[in-house]
Amino acid sequence: MTLERLGFHTDPKRMLPNFYIFQALTASKQLLGEDGFKSVINRATSILPEMEKYHDENNWPPANTDLEIKAIYYSTIFRAIEEAGGGRAQLVDIGIKTAQIGFESLGPAMKTSLLVLKKLPGFRWRAGAVLKAVADDLMDVFPGDRELEAILFQQDDDKGVWRFTDRTGDSCWGRTGQKKPVCHVYRGGLIGAVQLATGYTTSVKEVMCMACDDPACVFEIDFEPIGKAKDLKSGS
Ligand SMILES: [Zn+2]
């Protein structure tokens, strides 16, 4: 697979929808608690002083799709959680929580799909349909993304995985030179979407990451679940 690099990942003018940061802040505060959340925002503020405003919930953006958030704010939250000592499993759980918040509020394609899903037989059909809907909803948020194929959703029958390719690099915006993929919250978002549609947890691996100087963040999602969602939170 050859992927051409898009310029968003390091574009200082890259703007993201308000709901991205709303979900990230809401999920982080719910899972880390008041004190944990406070140290994350303190850490974020030391990386980027503008982040200080997020201590106050009144400064959080609304959960809409207007493109008003600097991409660096979004990636800085996740970097701050890592630097404040958050492990991979914690980041994945935050991602799962963002999927739950997202399902409650946004995504017409996703909502329609969920209704259809309940009539589909078996894990594989449901998981495939919801992941396709996630890709569609993400592309609908950004004008031009569909033409650019900024997000690709493919099925690899030989390997037994769906491949979710994100060429925007938004969740690790501006990060480079990392040795291992860093988009655990994104990974959790995909795990969460599958859980909500099927009741099962599946393994999601990030096999390429723009923070590692790859041309895209690429996630591979197993066709087979590894357990019931209530028993396994993060699947990592
Ligand atoms: Zn990545």
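The preceding data block contains the structure.
Since we're looking at a predicted model, the values are computed, not measured. (Residues numbered from 1 in each chain as written. Predicted model: local features only at pLDDT ≥ 70, side-chain atom pairs only at ≥ 80, totals over all residues.)

(A) Region of the structure containing the packing of helix 1 (residues 18-47) against helix 2 (residues 71-83). The contact between helix 1 and helix 2 brings their axes to 8 Å, and the two run at 70 degrees. Our classification of the angle between helix 1 and helix 2 gives roughly perpendicular. Residue-level contacts link Tyr20, Ile21, Ala24, Ser28, Val40, Arg43, Ala44 and Ile47 of helix 1 to Tyr73, Tyr74, Thr76, Ile77, Arg79, Ala80, Ile81 and Glu83 of helix 2. The residue makeup of the contact of helix 1 with helix 2, split by class, is eleven nonpolar, two polar and three charged. (Axes fitted to C-alpha atoms, helices over the stretch in contact; angles between N-to-C directions. Helix = DSSP H or I, 4+ residues; strand = E, 2+ residues; numbered from the N terminus. Parallel < 35°, antiparallel > 145°, perpendicular 65-115°, else oblique. Contact = placed C-beta atoms within 7 Å. Nonpolar A, V, L, I, M, F, W, Y, C, P; charged D, E, K, R; others polar.)

(B) Representation of unusual backbone geometry within the structure. The backbone of glutamate 149 shows a phi angle near 50 degrees, a positive value even though the residue is not glycine. Tracing the backbone shows glutamate 149 in the loop between helix 6 (145-148) and strand 3 (151-156). Unlike most non-glycine residues, aspartate 213 shows phi in positive territory, near 70 degrees. By the element assignment, aspartate 213 lies in the loop between strand 5 (200-208) and strand 6 (217-228).

(C) Fine view of the packing of helix 5 (residues 123-141) against helix 7 (residues 184-198). Axis separation between helix 5 and helix 7 bottoms out at 9 Å; the angle between their running directions is 130 degrees. On the basis of the axis angle, helix 5 is oblique to helix 7. Helix 5 and helix 7 meet at a crossing whose hand is right-handed. Counted together, Phe123, Arg126, Ala127, Val130, Leu131 and Val134 of helix 5 and Leu190, Ala193, Val194, Ala197 and Thr198 of helix 7 form the full contact between these two elements. Tallied by class, the residues present in the contact of helix 5 with helix 7 amount to nine nonpolar, one polar and one charged. (Left-handed = near helix turned anticlockwise from the far one by under 90°.)

(D) Quick peek at helix 7. Under the 1.5 Å per step criterion, the end-to-end length of helix 7 is 21 Å for 15 residues, consistent within 8% with the ideal 21 Å. With 15 of 15 residues buried, helix 7 is to be regarded as a mostly interior element. Within two residues after helix 7, glycine 199 carries a phi angle of roughly 80 degrees, on the positive side. (Expected span 1.5 Å × (residues − 1). Buried ≥ 20, exposed ≤ 12 C-beta atoms within 10 Å, placed from the backbone.)

(E) Region of interest: the sheet that holds strand 6. Read from one edge of the open sheet, four strands run 3-4-6-5, paired in antiparallel fashion. Bordering the open sheet on either side are strand 3 and strand 5, each of which pairs with just one other strand. Each adjacent strand pair in this sheet contributes to an overall mean axis angle of 25 degrees, direction not counted. Pairing of strand 5 with strand 6, which is carried by seven bridges, proceeds in the antiparallel orientation. Pairing of tyrosine 200 across the sheet is with lysine 228, part of strand 6. In the packing of helix 5 onto the sheet, contacts are made with strand 3, strand 4 (161-166), strand 5 and strand 6, and the angle to strand 3 comes to roughly 160 degrees. Contacting strand 4, strand 5 and strand 6, helix 7 runs over the sheet at an angle of about 155 degrees to strand 5. (Pairing = 2+ DSSP bridges.)

(F) Structural context of the environment of methionine 208. Its place among the elements puts methionine 208 in strand 5. The exposure class of methionine 208 is partly exposed, given the 18 C-beta atoms found within 10 Å. As for methionine 208 and valine 182, which are separated by 26 residues in sequence, their C-alpha atoms are 9.7 Å apart. For methionine 208, the residues in contact, after removing those within four places along its chain, are Asp214, Ala216, Cys217 and Val218.

(G) Here's a closer look at the nonpolar core. Ranked by internal contacts, the top residues of the largest apolar core, which has 61 residues, are Tyr74, Leu131, Leu190, Ala193 and Cys217. At the level of elements, helix 1, helix 2, helix 3 (88-105), helix 5, strand 4, helix 7 and strand 6 are the ones that each hand at least two residues to this core. If you tally residues by element for this core, the top one is helix 1, at ten residues. Residues in contact with cysteine 217, not counting those within four places in the same chain, are Asp166, Gly169, Cys172, Cys183, Tyr186, Glu206, Met208, Cys209 and Met210. (Core = buried A, V, L, I, M, F, W, Y, C linked by C-beta atoms within 7 Å.)

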